[in-house]
Amino acid sequence: MPTYLTIYLLPTLAEPLFHCSTKLYVNQLRVLLTKRLQKELLSLIKDPPPGVLVDSEKAEQNLSIWTIYMKGADETLFAGEEFQLQFKFSPKYPFDSPEVTFIGPNIPVHPHVYSNGHICLSILTEDWSPALSVQSVCLSIISMLSSCKEKKRPSDNAFYVKTCSKNPKKTKWWYHDDTV
Amino acid sequence: MGNCLKGSSAEDISLLRGSENGAETSDRLGPLPPPYREALPIFYPSPNVSRPVSQLTEEEQVKIAKRMGLIQHLPTGSYDGCKKNRECVICMMEFLIGDNVRYLPCMHIYHVKCVDDWLMRSFTCPSCMEPVDAALLTCYDSNN
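Residues numbered from 1 in each chain as written. Chains lettered and ligands numbered in written order. Predicted model: local features only at pLDDT ≥ 70, side-chain atom pairs only at ≥ 80, totals over all residues. Heavy atoms only, no water.

**A look at the overall build of chain B**
And then number 1: Helices and strands together make up the secondary structure of chain B, namely four helices and seven strands.
And then number 2: Walking chain B from its N terminus toward its C terminus, one meets helices and strands in the order α-β-β-α-β-β-β-β-β-α-α.
And then number 3: Residues counted as buried form 36% of the 144 residues belonging to chain B.
And then number 4: Within chain B, contacts between residues separated by at least 24 positions form 36% of all contacts whose residues are at least 6 apart in sequence.
And then number 5: Only carbon and sulfur atoms are counted for the fraction: they give 56% of the accessible area of chain B, which is about 8,800 Å². (Helix = DSSP H or I, 4+ residues; strand = E, 2+ residues; numbered from the N terminus. Buried < 20%, exposed > 50% of the residue type's maximum accessible area, 1.4 Å probe, protein only. Contact = heavy atoms within 4.5 Å. Areas by Shrake-Rupley, 256 points an atom, 1.4 Å probe, with all protein chains shown as cover.)

**Things to note about the pattern of salt bridges**
And then number 1: Counted according to the given criterion, the structure contains six salt bridges over all chains.
And then number 2: Two residues, A:Arg36 and A:Glu40, come together in a salt bridge whose shortest N-O distance is 2.9 Å. Of this pair, A:Arg36 and A:Glu40 both sit in helix 3 (residues 22-46), four residues apart, roughly one helical turn. Neither residue differs from the other here; A:Arg36 and A:Glu40 are each classed as buried.
And then number 3: Note that B:Asp116 and B:Arg102 form a salt bridge whose closest N and O atoms lie 2.7 Å from each other. Separated by 14 residues along the polypeptide, B:Asp116 in helix 3 (residues 112-119) and B:Arg102 in strand 6 (residues 100-103) bring together distant segments of the chain.
And then number 4: Relative accessible area serves as the criterion here: at 6%, B:Asp116 is assigned to the buried category.
And then number 5: With relative accessibility at 5%, the residue B:Arg102 sits in the buried group. (Salt bridge = Lys/Arg side-chain N within 4 Å of Asp/Glu carboxyl O.)

**Comments concerning the UniProt feature "domain: RING-type" (unreviewed entry) in chain B**
And then number 1: UniProt marks residues 88-128 of chain B with the feature "domain: RING-type" (unreviewed entry), using the numbering shown here.
And then number 2: Helix makes up 20% of residues 88-128 of chain B and strand makes up 24%, while its end C-alpha atoms are separated by 14 Å. (UniProt positions renumbered as here; feature names shortened; annotations may be inferred.)

This is the structure in structure tokens:
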């Protein structure tokens, strides 16, 4: 197995990128993650999108798992309904997308939401960017729910729910429909 | 002897607690997420594929090496207080004058350490999603 990178590229080109020891670099990432999550939490508490409420007490106890309550927007098929979302942040957030699922007794009946709470939404996997945030993910989910024209489960719901991994990020999603 | 040890360790703990409460105001929002453990740097041959250097194919190594070279060609500078870009959207912190920033061809700017990490995963601008290599080529073309 050739290892060009290890032999000569890593000590030269890579040095400015990994300009400190791995341990220090790891600590930098951890500080970035904590500061950013604290900032996002404060802004979500202070200035949430309409119909969104974060369980701030729980999130303050454990910054890496948040529960968010979401109300269906007025004059949509989900008006009057309440949902719970769970956000899990990996230690590599915001470079890695958060793991977002619907939890609790009421999972919205929507063509992109499986009955186990998994959501088929491209920004949660391949279209993720660190410029997105909990707030923008919430807005995307609200707009996804609001544009729904018929309450139904995805056509492959039964098969998917039986065979999928617990973590929706491990699913190889096939995004085929941008209209709903 | 046992008593003596017990006494001193209890005292040590109270000292530690005292200093934590005083100095670390950022800890008020609860415990830190689990530490990030990685023995070796991990590379991302494609955005959702991560592997340690020893498991990269030759083709992936070349791709990553080229990427590292291209990143080094993107201009850097120190933040001059420009009002158009106030915040690094990756760490969500306001830029401070003198911060080390990198300019992408689409003219979005980020902290060097924030954006370099991202570019090693995906060679796109986090804000406008423009592929950086295509934009670099257009820049070179228009300069020549």
